[in-house]
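Report on the structure
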Amino acid sequence: MLGTNGNGAPGSGSRPLLEVQDIYAGYDPNVDILQGVTLHVNEGEIVCVIGPNGAGKSTVFKAVYGMLGVRKGTVLCNGRDITNIRPQDALKTAGITIVPQLRSVFSQMTVHENLELGMYLSTDKAKVAERIDYVYDLFPRLGERARQEAGTMSGGEQRMLEIGRALMWEPRLVLMDEPSAGLAPIITKSIFKAITRLNQEIGLTVLMIEQNARQGLQASHRGYVIELGRQTYDGLADDLLGNANVRRAFLGGH
Amino acid sequence: MDTLVQALINGIAVGGFLTLMVLGFSIIWGVMGVINFAHGEFIMVGAYMAWFARSEWGVEPLYSALPIFLIMFVVGFVLQKLVVNKVIDRPHLVSLLVMFAVSIIMSNSVKLIAGADFRRVNSDIQRGFWELGDIATIPRKHTVVLVVAIIVLVALQTFLQKTRLGKSIRAAAQNREAAQIVGIDIKWVYAFTFALCIGITAMSGALTSTIIPVFPFMGPPWALRAFVITALSGLGSVKGTLGAAMFLGLLESLVATYAPGSSGSQLAVITAFGLLVVTLVLRPQGLFGGLRPVDAGGH
Ligand SMILES: Nc1ncnc2c1ncn2[C@@H]1O[C@H](COP(=O)(O)OP(=O)(O)O)[C@@H](O)[C@H]1O
Ligand SMILES: [Mg+2]
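Residues numbered from 1 in each chain as written. Chains lettered and ligands numbered in written order. Predicted model: local features only at pLDDT ≥ 70, side-chain atom pairs only at ≥ 80, totals over all residues. Heavy atoms only, no water.

Brief notes about the interface of chain B and chain A
With 20 residues of chain B in contact, the opposing surface of chain A contributes 26 residues. Of the roughly 2,200 Å² buried between chain B and chain A, counting both surfaces, carbon and sulfur atoms make up 54%. Its largest share of buried area at the contact with chain A, chain B owes to R164(B), I181(B) and V182(B), together 30% of the area lost on that side. Linking chain B with chain A are 3 salt bridges. Between D185(B) and R86(A) there is a salt bridge, and its shortest N-O distance comes to 3.9 Å. Linking chain B with chain A are 8 residue pairs in polar contact (both at pLDDT 80 or more). Listed by contribution, the elements that provide at least two residues to the side of chain B that touches chain A are α6 (164–174) and α7 (176–181) of chain B. In terms of residues, the side of chain B that touches chain A owes the most to one element, α6(B), which gives 6 residues. (Contact = heavy atoms within 4.5 Å. Buried area = accessible area lost by both parts, 1.4 Å probe. Salt bridge = Lys/Arg side-chain N within 4 Å of Asp/Glu carboxyl O. Polar contact = N/O pair within 3.5 Å; in protein donor to acceptor, adjacent residues only side chain to side chain. Helix = DSSP H or I, 4+ residues; strand = E, 2+ residues; numbered from the N terminus.)

Encoded structure:
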């Protein structure tokens, strides 16, 4: 695992790809769910966000890619201000994509069509075909099921498809909201393995949220704890795994 | 036997153009989550435009249908931008009420401009009957409308399945958030979908204006049939809508044919709406598919 083999963030001098600076956001006009969240993700890192249910973790993601308005603060991508970007522009102009917490396959389309839509922004058919082959290489299971309707697949397969679709347009940063939620332990393991592999092989940068805090941190370089709309701890994944307070609150004691 | 064949043939013809008349309602609901209460009024406006073109300029409804489609496409686009778009993120009831208000405005405006009289839309090319031996006769106007309906449905299905824009519409219907994530401009998809559906709906009114009674308040029964068919077929599917419309067309035709005395048309209507009640009570997910809420996110 990345966290335990002593590696910190890759090239500790590498520059931040995503910077979230003191943002405020919420659903009800009078209530800020996020009250000054600050975090960053460096190029090539896997960063894990943990924290209790309802803390605002998913809300951070929505604010980053423009699904929810940012009221105060800024979001930078590669040093460029992308605060309140339109969701459909996040991928095209900032290279940011997301695998949302809730199932998000196009359920009445085939696996193949789902992947094609991952490259909706491209009209280069040859390139699309090439990327689909790439994803099938990565997840052979998806290749076997190319013509199956996505909605009829198991939860784990749908998750794989969501991740595969997210990779189609060669994103610079993937936001993954609880990739392991609702999956059997063995599938969870293979999903984390795939994330680690993508990070090592193609340098994919990942910001993920995990309920499964221990495994999530173990697969990551750095981590943040978010509670009540603010980050309360941050550090190298190993350090968070070793931190007594974090252990007591989020890693099941001891 | 002959009566049965005749009833079946009528039913299929009615089912065919019923599909065209209600499809826009189903697609708008499926893609945007908007229940277009003014659906019947767009059929009405299309029929009046065809009547006007025929009586003022002598243009056959078959030929005015395309220009009417284009004009109402633009009207739909503008209406979406100015009105529907503003309420689309609010609860369903809001858009439903807004469209209900629009329907009242439309029917009363037409009454103000064209009067409350029933209008008869004549057609030279749609006159007469085809004889099927001595088994049955088919009104020529039914065949013309049916053939055009089939052409439009095939074109629409191909568009939705094969083109990039069509795929983005289906994607938006199946998962709005995911559609945005892959880069689909959802507002544009909504505007286009609404425009397309309003265009097709008005065109269906123009085409059927030679068959159905045309008057300012003709809309509601058609909107309600759209409800029945959508409840049976599920949202936004061309094939499902075709199946359910055929079913309803045949049922209404058989009931009308075999009903005693002059009770036919009332009994047909009673059957249609009885079907709605039964479907919703017994199978809330619909018979041929399901009333999927948009954004259900896959199941
Ligand atoms: N669509 C929404 N509308 C209103 N409130 C919401 C919505 N989504 C989340 N919330 C509220 O925002 C808070 C943070 O939610 P969320 O970011 O989903 O938490 P989590 O850390 O579990 O991902 C919670 O109190 C939740 O009830
Ligand atoms: Mg969450």
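Now, onward.
Describing the coordination of the magnesium ion (ligand 2)
Donor atoms from the polypeptide that bind the magnesium ion (ligand 2) are S58(A) (OG) and Q101(A) (OE1), placed at 2.1 to 2.2 Å. One end of the pair, S58(A), is in helix α1 (residues 57–64); the other, Q101(A), is in the loop between β6 (96–99) and α3 (111–118), and 43 residues separate them in sequence. (Donors = N, O, S within 2.8 Å, 3.2 Å for Na, K, Ca; no water.)

Digging into unusual backbone geometry
All names here are of chain A. The residue E170 is not glycine, and still its phi comes out positive at about 35 degrees. Along the chain, E170 falls in the loop between α6 (155–167) and β7 (173–177). Among the residues examined, E170 registers a relative accessible area of 46% and is labelled partly exposed. (Buried < 20%, exposed > 50% of the residue type's maximum accessible area, 1.4 Å probe, protein only.)

Observations regarding the pairing of strand β4 (residues 70–77) of chain A
Residues and elements named next belong to chain A. Taken together, the 6 bridges between strand β1 (residues 16–25) and β4 define a ladder with antiparallel strand orientation. Following the sheet pairing, V20 is matched in β4 by V75. By the bridge criterion, 2 bridges tie β4 to strand β5 (residues 80–81) in an arrangement that is antiparallel. Counterpart to L76 in the pairing with β5 is D81. Taken together, β4 and the strand that follows it, β5, pair antiparallel across an intervening segment of 2 residues, in which N78 is found at a positive phi of about 60 degrees. (Pairing = 2+ DSSP bridges.)

Things to note about the pattern of salt bridges
All names here are of chain A. Taken as a whole and judged by the stated rule, the model has 21 salt bridges over all chains. Salt-bridge contacts for E157 lead to R145; the nearest nitrogen and oxygen are separated by 3.5 Å. Here R145 lies in the loop between α5 (140–144) and α6 and E157 lies in helix α6, a separation of 12 residues in the sequence. Taking the relative accessible area as the measure of exposure, E157 reaches 7% and is therefore buried. It is possible to trace a salt-bridge network through shared partners that takes in K127, E130, R131 and E170.

Observations concerning the nonpolar core
One finds M32(B), M99(B) and L156(B) to be the most contacted residues of the largest nonpolar core, which totals 92 residues. At 14 residues, helix α8 (residues 186–208) of chain B tops the list of elements feeding residues into this core. With residues near it in sequence (within four places) discarded, L156(B) still touches L23(B), I27(B), L196(B), I200(B) and V238(B). Grouped together as the second largest cluster of nonpolar side chains are 45 residues, L115(A), M160(A), F192(A) and L240(A) included. (Core = buried A, V, L, I, M, F, W, Y, C linked by side-chain atoms within 4.5 Å.)

Quick look at the confidence of the model for chain B
Residues at a pLDDT of 70 or more form 94% of chain B, whose mean pLDDT is 87. Interface confidence in the predicted complex, given as ipTM, is 0.88; pTM for the same model is 0.87. (pLDDT = per-residue confidence, 0-100.)

Describing the site of ligand 1
Residue and element names in this part refer to chain A. If you check the shell around ligand 1, you find Y27, I33, P52, N53, G54, A55, G56, K57, S58, T59 and K62 and nothing else. G54 is positioned with one of its backbone polar atoms (N or O) 2.8 Å from an oxygen atom of ligand 1. Note that an oxygen atom of ligand 1 is positioned 3.0 Å from one of the backbone N or O atoms of G56. Starting from 560 Å² of accessible surface for ligand 1 in isolation, the protein chains cover 60%. Residue classes in the shell around ligand 1 are distributed as 4 nonpolar, 5 polar and 2 charged. (Near = heavy atom within 4 Å. Areas by Shrake-Rupley, 256 points an atom, 1.4 Å probe, with all protein chains shown as cover. Nonpolar A, V, L, I, M, F, W, Y, C, P; charged D, E, K, R; others polar.)

Some thoughts on empty space enclosed by the protein
Rolled over the atoms, a probe with the dimensions of a water molecule shows which regions are left empty. Evaluation of the coordinates by the stated rule reveals 2 cavities of 30 Å³ or more. The computed volume of the largest cavity comes to approximately 60 Å³. Around the largest cavity sit L91(A), T97(A), I98(A), V99(A), P100(A), S104(A), G118(A), E162(A), R165(A), A166(A), I181(B) and V182(B), which together line it. Listing elements by their share of the lining of the largest cavity, those giving two or more residues are β6 and α6 of chain A. Considered class by class, the residues forming the lining of the largest cavity number 7 nonpolar, 3 polar and 2 charged. (1 Å grid on protein atoms, 1.4 Å probe; cavity = no way out; pocket = protein on both sides within 12 Å on 5 of 7 lines; lining within 4 Å. Points joined across faces, edges and corners; volume = space filled by probe spheres on them.)

A short note on α1(A)
Residues and elements named next belong to chain A. Burial runs high along α1: 7 of the 8 residues are buried. Considered for burial, the residues of α1 that qualify are K57, S58, T59, V60, F61, A63 and V64. Where α1 ends, the next residue or the one after it, G66, has phi of about 85 degrees, a positive value.

Section: the environment of V174(A)
Residue and element names in this part refer to chain A. Inspection of the secondary structure puts V174 in strand β7. Residue classification places V174 among the buried positions, given a relative accessible area of 1%. Sequence separation between V174 and L121 is 53 residues, and the spatial gap between their C-alpha atoms is 17 Å. Apart from the residues lying within four places of it in its own chain, the contact partners of V174 are T97, V99, A166, L167, L204, T205, V206 and L207.

Focus: the packing of helix α5 (residues 140–162) of chain B against helix α10 (residues 238–258) of chain B
Residue and element names in this part refer to chain B. Contact geometry of α5 with α10 gives a least axis separation of 10 Å together with a crossing angle of 150 degrees. With respect to α10, the element α5 is oriented roughly antiparallel. On α10, the residues that touch L153, L156, Q157 and L160 of α5 are V238, K239 and L242. Tallied by class, the residues present in the contact of α5 with α10 amount to 5 nonpolar, 1 polar and 1 charged. (Axes fitted to C-alpha atoms, helices over the stretch in contact; angles between N-to-C directions. Parallel < 35°, antiparallel > 145°, perpendicular 65-115°, else oblique.)

Regarding the pairing of strand β3 (residues 46–50) of chain A
Residues and elements named next belong to chain A. Counting buried positions over the 5 residues of β3 gives 5, a clear majority of the element. Of the pairings in the sheet, the one linking β3 to strand β8 (residues 205–209) comprises 4 bridges and is parallel in character. If you follow V47 over to β8, its bridge partner there is L207. Of the pairings in the sheet, the one linking β3 to strand β9 (residues 222–227) comprises 4 bridges and is parallel in character. If you follow C48 over to β9, its bridge partner there is G223.

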